[in-house]
Structure formats: structure tokens, C-alpha cells
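A structural walkthrough
Listed here are the chains, written in short residue letters.
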Amino acid sequence: MIPAENPARLSVSVACGLNVEIRLGLKEIRIGRGRDADLLLPDPSVSRLHARIFRVGEQYFLADTSRNGTYLDGKRVTQAMLEGGQTFRIGPYQIHFLRERQSPEPDPPTVTQGARLGSDSSGPPSATIPSTSSDTFGLEGKSPFIKKLIENIRRVAGSDLPVLVDGETGSGKELVSRGIHDASSRRNRPFVVVNCGAISSDLIESELFGHEKGSFTGATAQRRGAFEIAHGGTIFLDEIGELPLALQPKLLRALEQKEIKRVGGNETILVDVRVIAATNRNIREEMSRKRFRDDLYFRLSTITLHVPPLRERREDIVPIAIIFLAEAASKANRAAPELTNAAAEFLASHDWPGNVRELRNAIQRALVMAEGPSLMAEDFSFLLTMESTPIEPAADTHLSRWEHTEKTSILAELARQRWNKTRTARELGIAKSTLFEKLKKFGIRSPESDR
């Protein structure tokens, strides 16, 4: 279990759809291009041992050990003290230093000041905020569904078996996978997120397994992929249903043999990686259509965890909304307005096809646009506009339950982004080309010309 004592992390985007996180503790963290680096950055401009992060007391320091330099706030540094929210640059990579605020009290209050329900009318009886300590892995709520999910995360973390996390878009699948990593013995090694839907099909093999110099046009240097970067840690393959069929046997080999080959290479490389995959698709239906290998599915789903949608745990909606309201107000450097009981009832009755992600976006929007000191039910009227978006029921008769849900989520996000497809794809965590494929599949047509 992660200690609650002021945890810190490094986070870096290595490529489109490929992000790396590493937890900081007492142990020194080495950053570089060499395979013995704790945070491996696969670029020729990065030295084999480029920089290190070390801890003195409660403070973390960045030390440069390279020729090309390490830059903090645009200035080359030899050694510097790090503060939460800072970003430093190594080669082409912007590395974020993230640190949670340490509570001055041993037990945090159950209600955040300024984020509460109004008392002007009757409504949901509870205004308390669930604990946000690391033992809940960021999964807020007191419903039996969430309590059971948290118990299962702890149980699953004790093994190295592959895990398949299924659930609707925006329900918190990445939180579950990060929770498994953080509660495991691999917690001090990298946590690598690969969004299979955000990487083009002709690049995803290279992003996963790396490539040798000259193996294809543009391969000007050897490059390590996600599996090598995650060595000793955990790799999270989000939207695994988007993985090209031709690449699936190579992933299966990596799972079973714990070895990979870079694109264009002959060397077999051993990798010690735990694999967690996630999907919002019905993979069994994909298997029946010959779009997903059954042997890979059965290997990935050795353990399966289901993340319930918000509409199946309505008692969690208002407490989560209050947390989001406090967070959004804090970032805006203002006091959080009250959430009136009428607004709380409205939020609790909404189906939230985009789940927790949609709820967070709705709270942020209402906070910015509200005119009064409290959030009223009418401040969320834009949700009704989204619900009224036409869905062309005649085209839906052939869709499965999962596809209906996916279509609803896409329509909700399109409406929220005013049909801007670039922003919609980014919010959904998929490539724009993938979004266009889904629009065609579901018969969704823009009310305006494409943007």
C-alpha cells in the first residue's frame, strides 16, 4: 500500500498515446536512455544516465549528470530543489513533478470547507465527502460496488497475473489499473499507459516493442518501446479492443514468454512486465466477428474486474460532485459555491453516459458559467440539451448493448464539445481517425459541416 506520507510522482508523455509515471520514495531515481534507468527515455539526445532524483528529508532534488543538459524553468541546472507542479526538460521530453498536498491533520475532515449542499430545501441527506486517501486508489464513493472494487484491487495486486478491466468510457478504468500497480510490489517501478486507440495502426508495434535503426522510413535511431520502458513495472493497455489483429500474436508472445523483439531486430529481449488491459467494448462479440483473438482474450482475462457506471451507483454521484466542485474551485483560486439540494437531486437523476469524466466536466462548466453564489439545478440545464441530441433509433437495431453505450457516450461528448471532433477525440482518449470510424459505424452525422 502506498504510504499516505506526501507521495510524489514523475509523469512524462513519451509519444502520442504513451505515457509513463514513476512513484518517488526514498530510493534515488535514475533518468536516462540506458536500460538500467528507472525512468527510461528512448531518444538519442538523452544520455544513458542523464539525471537523477534524490530525496533529503521531505524534499526532492534534481541533479544533472549529462552533457546535453537538464532544464528547469527554461534554465540549465546542475542541481535544483523540486516543488509540486514544476516541469523540467530532458531532451525532447517535458517531465512533470507531481506531489499531493500533505494534510496537516492525521484524519482529514469528512466535509471540505466551502463544498457542501445548501439547506434551502429538502434533498439528499448526505453532504459528506468520502476520504480521498490513497487506500481508495482515487475511487470515490461509499456504494457496495465501489467498496467491493477496492477490495478486489487489493486482492489482485498481490499477484502478477494479467488483468482485464472492463467498463464504460469515463468510468475510471485507468484509476483501477493504477491502483493495482500502486498496491503491488512493483509500485516503485514505472507505470506505463498505452492508449491503443490513440496510436496509428502503422506505429503501434514500434511504440509497444521498439524498433532498430533503419527498420522503416523515419527510424533514424534505435528506440525502445513501452515494454522495455515498463521493465520491472506495469504496462496498462487502454482500449485493447483497438489493437490491430496482426499485432495480437506478438502481444500474446510477450505475455506468455515475457520476451519481445524490436521492429526490424532479431534479438530476443526479456521483459519483466505485468500487463493490465482495459476495454469499453464487448470483446466476446469482437471475437465472434474475428476481430480479436480468443487465445489473447483468455490470457488477458485471467482476472477480470468490472467498473460499474455511475447510473448503477447513484448514491455516489453527489459526494463525487462535491469533491470535483472543491477541486475546481481550488484551481480557480476561489471559494467553492454551495450545491443546492435541487441541483443535487438533478445530478443524482442524470444517467451520465460519460460517467465520472462527464460529471467532472459538468461541474467545471457549471462553476465557470454560474452567475450566483450557489449552483442551482438550472446551472446544469446544458445536460438536458445533450440528452435531446437525436440518435436515429432506426440505425440502432443491430447494435449490442455495449455499442449502444459507446454511441451514447460519443454523442454526449460531441454535444459537450459543440461537435468539434478534434476535441471530442482527445476527451474520449482515441485517435481522430478512430472517432471518424465510429461515427460512420453508428451512423452519426454532424448537424454542421465537419470541423
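Everything quoted here is computed from the prediction, not taken from an experiment. (Residues numbered from 1 in each chain as written. Predicted model: local features only at pLDDT ≥ 70, side-chain atom pairs only at ≥ 80, totals over all residues. Heavy atoms only, no water.)

Comments concerning the overall build of the chain
Our working definition: In this description a helix means any DSSP run of H or I spanning at least four residues, a strand means any run of E spanning at least two, and both kinds are numbered starting from the N terminus. Buried residues are those whose accessible area, probed at 1.4 Å on protein chains only, stays under 20% of the maximum for their type, while exposed residues exceed 50% and partly exposed ones sit between those limits. Whether two residues touch is decided by their heavy atoms; if any such pair falls within 4.5 Å, the residues are in contact. In this description, accessible areas are obtained by the Shrake-Rupley approach with a 1.4 Å probe, and a residue is regarded as covered only by the protein chains that are shown.
Summing up its helical and strand segments, the chain has 14 helices and 20 strands in all. Burial analysis of the chain (451 residues in total) assigns 55% to the buried set. For the chain, contacts bridging at least 24 residues in sequence account for 65% of all contacts bridging at least 6. For the chain, the exposed area adds up to about 20900 Å²; of that, 50% sits on carbon and sulfur atoms.

Observations regarding helix 5 (residues 248–257)
Heads up, the rule is: By definition, the arc is the one covered by directions from the helix axis to the C-beta atoms.
Of the residues making up helix 5, those classed as buried are Gln248, Leu251, Leu252, Ala254 and Leu255. The buried residues of helix 5 occupy an angular sector of 160 degrees when projected down its axis, which confines them to one face. Its buried side turned inward, helix 5 meets helix 3 (204–209), helix 4 (226–229), strand 14 (234–238), strand 15 (259–260), strand 17 (274–279) and helix 7 (294–300). Where helix 5 terminates, the next one or two residues include lysine 258, which has phi positive at roughly 55 degrees.

What to know about the packing of aromatic side chains
Working definition: an aromatic ring pair is given by the centre-to-centre distance plus the angle between the planes. Stated precisely, the cut-off is as follows: Aromatic rings from Phe, Tyr and Trp, taking only the six-membered ring of Trp, are treated as a pair when their centres fall within 6.5 Å; an angle between ring planes under 30 degrees marks them as stacked, one over 60 as edge-to-face, and anything in between as tilted. Only Lys NZ and Arg CZ are tested; either one counts as a charge over a ring when it is within 6 Å of the ring centre and within 35 degrees of the ring normal.
Using the criterion set out here, one finds six aromatic pairs in the structure. Ring geometry for tyrosine 297 and phenylalanine 298: centres 5.3 Å apart, planes at 65 degrees, overall edge-to-face. Taking the relative accessible area as the measure of exposure, phenylalanine 298 reaches 45% and is therefore partly exposed. Across the ring face of phenylalanine 382, the terminal group of arginine 365 is positioned such that the distance to the ring centre comes to 4.1 Å.

Describing the environment of alanine 8
Tracing the chain through its elements places alanine 8 in strand 1 (residues 8–15). Excluding anything up to four places from it in sequence, alanine 8 contacts Ile22, Arg23, Leu24, Tyr60, Phe97, Leu98 and Arg99.

A short note on the layout of surface pockets
This is how it is decided: With a 1 Å grid laid over protein atoms only, a set of points is called a cavity when a 1.4 Å probe fits there but cannot get out and a pocket when it is open yet has protein on both sides within 12 Å along at least five of seven lines; lining residues have an atom within 4 Å of a point. Grid points are joined across faces, edges and corners, and a volume is the space filled by probe spheres set on the points. Three classes are used, and their members are as follows: Ala, Val, Leu, Ile, Met, Phe, Trp, Tyr, Cys and Pro are nonpolar, Asp, Glu, Lys and Arg are charged, and the others, Gly among them, are polar.
In this structure, the second largest pocket encloses a volume near 430 Å³. Taken together, 19 residues line the second largest pocket, and the ones lying closest to its centre are Gly241, Glu242, Arg281, Thr434 and Glu437. Here the lining of the second largest pocket takes five residues from helix 14 (residues 432–442), the largest share from any one element. Considered class by class, the residues forming the lining of the second largest pocket number six nonpolar, six polar and seven charged.

A look at the sheet that holds strand 5 (residues 51–56)
Convention followed: When DSSP locates at least two bridges between a pair of strands, those strands are taken to pair.
The strand order 4-3-5-6-9 describes an open sheet built from five strands, whose pairing is mixed. Unpaired on one side and paired on the other, strand 4 (39–40) and strand 9 (79–81) mark the two borders of the sheet. The pairing of strand 3 (residues 29–32) with strand 5 spans three bridges and is antiparallel. Residue pairing in the sheet places isoleucine 31 in a bridge with alanine 51 of strand 5.

Some points on helix 8 (residues 317–331)
The following threshold applies: By this rule the span expected of a helix is its residue count minus one, scaled by 1.5 Å.
For helix 8, which comprises 15 residues, the first-to-last C-alpha distance of 21 Å matches the rise-based estimate of 21 Å (1.5 Å per residue) to within 8%. The element helix 8 is largely enclosed, with a buried count of twelve among its 15 residues. All of the buried residues along helix 8 are Ile317, Val318, Pro319, Ile320, Ala321, Ile322, Ile323, Phe324, Leu325, Ala326, Ala328 and Ala329. On its buried face, helix 8 sits against strand 19 (338–339), helix 9 (341–349), helix 10 (355–369) and strand 20 (374–375). Within two residues after helix 8, asparagine 333 carries a phi angle of roughly 60 degrees, on the positive side.

Things to note about empty space enclosed by the protein
Taken as a whole and assessed by the stated rule, the structure comprises six cavities of 30 Å³ or more. Considered as a void within the structure, the largest cavity measures approximately 120 Å³ in volume. Lining the largest cavity are 13 residues, with Thr169, Asn280, Glu406, Ile430 and Lys438 positioned closest to its centre. Looking at the lining of the largest cavity, the element that brings in the most residues is helix 12 (residues 401–416), giving three residues. A class-by-class count of the residues in the lining of the largest cavity yields three nonpolar, five polar and five charged.

Some remarks on the side chain of histidine 50
The cut-off we apply is this: In protein, a polar contact means a hydrogen-donor-capable atom and an acceptor-capable atom, both N or O and within 3.5 Å, with residues adjacent in sequence counting only if both atoms are side-chain atoms; elsewhere, any N or O pair within 3.5 Å suffices.
Take histidine 50: it is sitting in the loop between strand 4 and strand 5. At 2.9 Å, the side chain of histidine 50 and the backbone oxygen of glycine 69 are in polar contact. In contact with histidine 50, other than residues within four places in its own chain, are Ile31, Gly32, Ser45, Asp64, Thr65, Ser66, Asn68, Gly69, Thr70 and Ile90.

Regarding unusual backbone geometry
The phi angle at glutamate 239 is positive, at roughly 55 degrees, despite the residue not being glycine. With respect to the helices and strands, glutamate 239 occurs in the loop between strand 14 and helix 5. Residue classification places glutamate 239 among the buried positions, given a relative accessible area of 8%. We note that lysine 258 has phi near 55 degrees; this positive angle belongs to a residue other than glycine. Among the structural elements, lysine 258 can be located in the loop between helix 5 and strand 15.

Structural notes on the packing of helix 13 (residues 421–428) against helix 14
To keep things clear, this is the line we draw: To get an axis, a line is fitted to the C-alpha atoms, and for a helix only the part in contact is used. The angle between two axes follows their N-to-C directions and goes from 0 to 180 degrees. For classification, angles of less than 35 degrees are called roughly parallel, those exceeding 145 degrees roughly antiparallel, those between 65 and 115 degrees roughly perpendicular, and all remaining angles oblique.
Orientation of helix 13 relative to helix 14, taken along the N-to-C sense of each, is 100 degrees, at an axis distance of 9 Å. When the interaxial angle is binned, helix 13 and helix 14 end up roughly perpendicular. Together, Lys421, Thr422, Thr424, Ala425 and Leu428 of helix 13 and Lys432, Leu435, Phe436 and Leu439 of helix 14 make up the contact between the two elements.

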